[in-house]
Amino acid sequence: MPHSTHIIIRSDDIDSNGHVRGSQYLNYAVHARWSALAQAGLSVKKLAAAGFGPVDLDVSIKYRRELMLGDEIDVETRFEYPSPKIVKVVQSTIRSDGIVAAEVTSLTGLMNLTERKLVDNAAVVWRRFLRQPSIVDLPLTD
């Protein structure tokens, strides 16, 4: 089941055409991803103190419908683990009328900040820092 983050479109999200500016869709996705990780129990301070940090490797946005000032959206976030080093984050921005406004797909990794390279098994490292790994679709075992 995807994690859901509710957002209300604010005036500073709007461009000169009266709809949400393109880059803001990515901000919504990033906010929703971090919300899911926080709900799963992630302490960013503990992760950083242990020498790890998430990195984006590839991000794509498909714009489907406009969002306007005052619209309410839910960003549904799913985490997939297609390979040991990669986490795929698939997010749908859904208006209150059920219409998908955008889809964001991110390929991320977890970097060892000392070695400056991706960890060999992201799921194992993530599991060490999450109290409720099922919130981010993390398998219980490898």
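The coordinates are above.
Below: a short report on this structure. For every chain, the first residue of its written sequence is number 1, and the numbers climb from 1 along that sequence. Note on the predicted model: pLDDT of at least 70 is required for a residue's local features to be given, and 80 or more for side-chain atom pairs to be given and counted; whole-chain, interface and lining totals, by contrast, use all residues. The basis for every side-chain value is the complete set of heavy atoms in the structure, and neither hydrogens nor water enter the calculation.

1. Some remarks on the overall build of the protein chain
Link 1 in the chain: Numbering goes from the N terminus for both helices and strands, where a helix is a DSSP run of H or I of at least four residues and a strand is a run of E of at least two. A count of helices and strands for the protein chain gives 3 helices and 6 strands.
Link 2 in the chain: Secondary structure elements in the protein chain, listed N-terminal to C-terminal, are β-α-α-β-β-β-β-β-α.
Link 3 in the chain: Throughout, the radius of gyration refers to the C-alpha atoms, and the reference size of a globule is 2.2 Å times the residue count to the power 0.38. Relative to the compact-globule value of 14 Å for 142 residues, the protein chain shows a C-alpha radius of gyration of 16 Å, a close match.
Link 4 in the chain: For the C-alpha atoms alone, the extent of the protein chain along its principal axes is close to 45 × 30 × 25 Å.
Link 5 in the chain: Any residue under 20% of the maximum accessible area for its type is buried, any over 50% is exposed, and the rest in between are partly exposed; the area is computed with a 1.4 Å probe on protein chains only. Taking all 142 residues of the protein chain together, the buried fraction comes to 39%.
Link 6 in the chain: Sequence separation of at least 24 residues holds for 64% of the intrachain contacts in the protein chain that already meet a minimum separation of 6.
Link 7 in the chain: Using the Shrake-Rupley algorithm and a 1.4 Å probe, accessible areas are obtained, with residue cover drawn only from the displayed protein chains. Taken as a whole, the protein chain presents about 7,800 Å² of accessible surface, with 52% of it coming from carbon and sulfur.
Link 8 in the chain: Working convention for charge: Lys and Arg count positive, Asp and Glu count negative, and His plus the chain ends are omitted. The atoms used to mark charge sites are NZ of Lys, CZ of Arg, CG of Asp and CD of Glu. Mean positive and mean negative side-chain charge positions of the protein chain (17 and 17 charges, respectively) differ by 8 Å. Every residue pair with non-hydrogen atoms within 4.5 Å of one another is taken to be in contact.

2. A short note on the pairing of strand β3 (residues 72-83)
Link 1 in the chain: Pairing between two strands is assigned when DSSP locates at least 2 bridges connecting them. The sheet contact formed by strand β1 (residues 3-8) and β3 spans 6 bridges and is antiparallel. Residue pairing in the sheet places I7 in a bridge with I73 of β3.
Link 2 in the chain: Where β3 folds back onto strand β4 (residues 86-95) in an antiparallel hairpin, the turn is made up of 2 residues.

3. Some words on the side chain of S106
Link 1 in the chain: Relative to the elements of secondary structure, S106 occurs in strand β5 (residues 100-112).
Link 2 in the chain: Within 3.5 Å is the distance limit for a polar contact, defined as a pair of N or O atoms, with the added protein rule that one can donate a hydrogen and the other accept it, and that residues adjacent in sequence qualify only through two side-chain atoms. There is a polar contact of 3.4 Å between the side chain of S106 and the side chain of R33.
Link 3 in the chain: If we ignore the near neighbours within four places in the chain, the residues touching S106 are R33, D58, V59, V87, K88 and V89.

4. What about unusual backbone geometry?
Link 1 in the chain: Its identity is not glycine, yet R116 carries a phi of approximately 60°, on the positive side.
Link 2 in the chain: Although it is not a glycine, D137 sits at a positive phi angle of roughly 60°.
Link 3 in the chain: When you line up the elements, D137 lands in the segment after α3 (122-129).

5. Some thoughts on helix α1 (residues 22-39)
Link 1 in the chain: If you check α1, its first and last C-alpha atoms are 27 Å apart, about what 18 residues at 1.5 Å a residue would give, namely 26 Å.
Link 2 in the chain: Among the residues making up α1, those that are buried are Q24, Y25, Y28, A29, A32, R33, A36 and L37.
Link 3 in the chain: Buried residues along α1 sit against β1, β2 (52-63), β3, β4, β5 and α3.
Link 4 in the chain: Remark: G41 follows α1 within two positions and exhibits a positive phi of approximately 105°. Expected helix span is given by 1.5 Å per residue-to-residue step, counting one fewer step than there are residues.

6. Examining the environment of D13
Link 1 in the chain: Relative to the elements of secondary structure, D13 occurs in the loop between β1 and α1.
Link 2 in the chain: Sequence separation of D13 and L130 is 117 residues, and the distance between their C-alpha atoms is 31 Å.
Link 3 in the chain: Once you skip the residues sitting within four places of it in the chain, D13 turns out to touch I8, H19, V20, R21, Q24 and Y28.
Link 4 in the chain: From its side chain, D13 meets the backbone nitrogen of R10 in a polar contact 3.0 Å long.

7. Looking at the pattern of salt bridges
Link 1 in the chain: A pairing counts as a salt bridge when a side-chain nitrogen of Lys or Arg comes within 4 Å of a carboxyl oxygen of Asp or Glu. A full pass over the atoms with the stated rule returns 7 salt bridges.
Link 2 in the chain: D12 serves as the salt-bridge partner of R10, at 2.5 Å between the closest nitrogen and oxygen.
Link 3 in the chain: As a salt-bridge pair, E80 and R78 come within 2.9 Å of each other at their nearest N and O atoms.
Link 4 in the chain: Residue E80 is classed as partly exposed on the basis of its relative accessible area of 27%.

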